[in-house]
Amino acid sequence: MAARIIAIANQKGGTGKTATTANLGIGLARIGKRVLLVDADPQGDLTKSLGLGDPDAIEVTLASHVENIVNDTPLDPIAGIVRSDENVDLMPADIRLANTEASLFLAMNRERVLSSWLAGLRGGYDYILIDCMPSLGMLPVNAFTAADSVLITVSAEYLPVVAMTALLKTIDRVRNQINPGLRVEGALLTLFDGRTRIARKVEGLLRSEYGARMRVFETCIPRAVSASEAPSAGMSIFAYDPNGKVAAAYARLCEEVLCGD
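The rules we used
Residues numbered from 1 in each chain as written. Predicted model: local features only at pLDDT ≥ 70, side-chain atom pairs only at ≥ 80, totals over all residues. Heavy atoms only, no water. Helix = DSSP H or I, 4+ residues; strand = E, 2+ residues; numbered from the N terminus. Rg over C-alpha atoms; globule rule 2.2 N^0.38 Å. Buried < 20%, exposed > 50% of the residue type's maximum accessible area, 1.4 Å probe, protein only. Contact = heavy atoms within 4.5 Å. Axes fitted to C-alpha atoms, helices over the stretch in contact; angles between N-to-C directions. Parallel < 35°, antiparallel > 145°, perpendicular 65-115°, else oblique. Nonpolar A, V, L, I, M, F, W, Y, C, P; charged D, E, K, R; others polar. Core = buried A, V, L, I, M, F, W, Y, C linked by side-chain atoms within 4.5 Å. Pairing = 2+ DSSP bridges. Disulfide = S-S within 2.5 Å. Polar contact = N/O pair within 3.5 Å; in protein donor to acceptor, adjacent residues only side chain to side chain.

Re the overall build of the protein
A count of helices and strands for the protein gives eleven helices and eight strands. The C-alpha atoms of the protein give 17 Å as radius of gyration, which agrees with the globular expectation for 261 residues (18 Å, within 12%). Taking the principal axes of the C-alpha coordinates as reference, the protein spans close to 55 × 40 × 35 Å. A burial count over the protein gives 52% of its 261 residues as buried.

Focus: the environment of L129
One can find L129 in strand β5 (residues 127-132). On the basis of relative accessibility, which here comes to 0%, the residue L129 falls in the buried class. The sequence separation of L129 and S149 amounts to 20 residues, and the corresponding C-alpha distance is 10.0 Å. Setting aside its immediate chain neighbours within four residues, L129 contacts I6, I8, T21, L24, G25, L36, L37 and V38.

What to know about the packing of helix α4 (residues 96-104) against helix α6 (residues 138-146)
α6 packs onto α4 with a crossing angle of 75 degrees between their chain directions and a minimal axis gap of 9 Å. Taken as axis vectors, α4 and α6 run roughly perpendicular relative to one another. When α4 is examined against α6, the residues L97, E101 and L104 are found in contact with a partner set consisting of M138, L139, P140 and N142. Each residue belonging to the contact of α4 with α6 can be placed in one class, and the counts come to five nonpolar, one polar and one charged.

What about the nonpolar core?
Counting residues in each nonpolar core, the largest one holds 54 residues, and the members touching the most others are L62, F144, I152, M164 and I171. Contacts of I152, omitting those with residues within four sequence positions, involve A9, N10, M164, L167, L168, I171, V184, G186, A187, L188 and M214. Among the nonpolar cores identified, the runner-up in size contains 30 residues, and L46, L253, C254 and V257 belong to it.

Observations regarding the sheet that holds strand β8 (residues 216-222)
Across the sheet, which stays open at both edges, the eight strands sit in the order β3-β4-β2-β5-β1-β6-β7-β8 with mixed pairing between neighbours. Of all strands in the sheet, those bounded by a partner on one side alone are β3 (82-83) and β8. For strand β1 (residues 4-9) and strand β6 (residues 149-155), the ladder comprises four bridges, and the chain directions are parallel. Looking across to β6, one finds that I8 is bridged to L151.

Details of the state of the cysteines
Here, disulfide denotes a covalent bond that connects the sulfur atoms of two cysteines. Under the criterion given, the structure shown has zero disulfides. As a non-bridged cysteine, C254 has C259 as the owner of its nearest cysteine sulfur, 11 Å distant. The class for C254 is buried, based on a relative accessible area of 3%.

So, the side chain of T219
Tracing the chain through its elements places T219 in strand β8. Taking the relative accessible area as the measure of exposure, T219 reaches 4% and is therefore buried. Within polar-contact distance, the side chain of T219 engages the side chain of E256 at 2.7 Å. Residue contacts for T219: discarding those within four places in its chain leaves L188, L189, A249, R252, L253 and E256.

Overview of the pairing of strand β2 (residues 35-40)
Along any regular strand the residues' side chains alternate between the sheet's two faces. For β2, a buried count of six out of six residues is recorded, marking the element as mostly surrounded by other parts of the structure. With burial as the criterion, each face of β2 is covered, one bearing V35, L37 and D39 and the other bearing L36, V38 and A40. Note: β2 against β5, six bridges, orientation parallel. Paired with L36 across the two strands is I128, which belongs to β5. Alignment of β2 against strand β4 (residues 89-91), held across three bridges, turns out to be parallel. In the strand pairing of β4, L37 is matched with L90.

Re the environment of P55
Within the secondary structure layout, P55 lies in the loop between α2 (45-49) and α3 (62-70). Relative accessible area serves as the criterion here: at 5%, P55 is assigned to the buried category. Residues P55 and P42, spaced 13 residues apart in sequence, show a C-alpha to C-alpha distance of 9.2 Å. For P55, the residues in contact, after removing those within four places along its chain, are G44, T47, K48, T61, A93 and D94.

Structure, rendered in structure tokens:
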């Protein structure tokens, strides 16, 4: 069976996209799923958060594959994939990806470059998770074109909820024009502190305004010091604080995602 591809996105930074990509992927691997994580952000935060050092020193990254497809130069699709200590595979990213995105505007089938690369990999995994850059540019559109669904991370603040309108419009355009099977996996509330009025208000707004048109996950990812420390240690929350509330929340999220299969 071909992998289920989920793009994890929000055009606003600081909404927990990278943490969710890493922890959801590793959580799925912990229950026996074969998982590939794709770092599609030139900042390489996912690559760094999994303890792989300086992304700019890695020879083969996602930029290499995008460049080779654009230039019609053969490259084995598995080239550059590395194995994490926590039992997931990773395609790293580096700063070259920023220049590569600009080159996509002149490419043939420019929205389908990531799809072309992933076509040779889908059979080897159960899940492929793409950590999108915080924009609505060509790389996120490529991710949406390749994906079966988009998981939207929303931090418990007012502006990220408001920004969802533009993101949903982009998803709709990709669905209508390029990828008719694309759906919204759900909205995930992150950095949640139920003791604050703003967090409770944002949760209510998210569920009331968007709950009728898409799933809003029952799981909320709590704000915690351990969650901010884990990436600097090169670990998932499951390795860094296995008995903490954030690890428990991501385990529940895995169950909700599996129920969507």
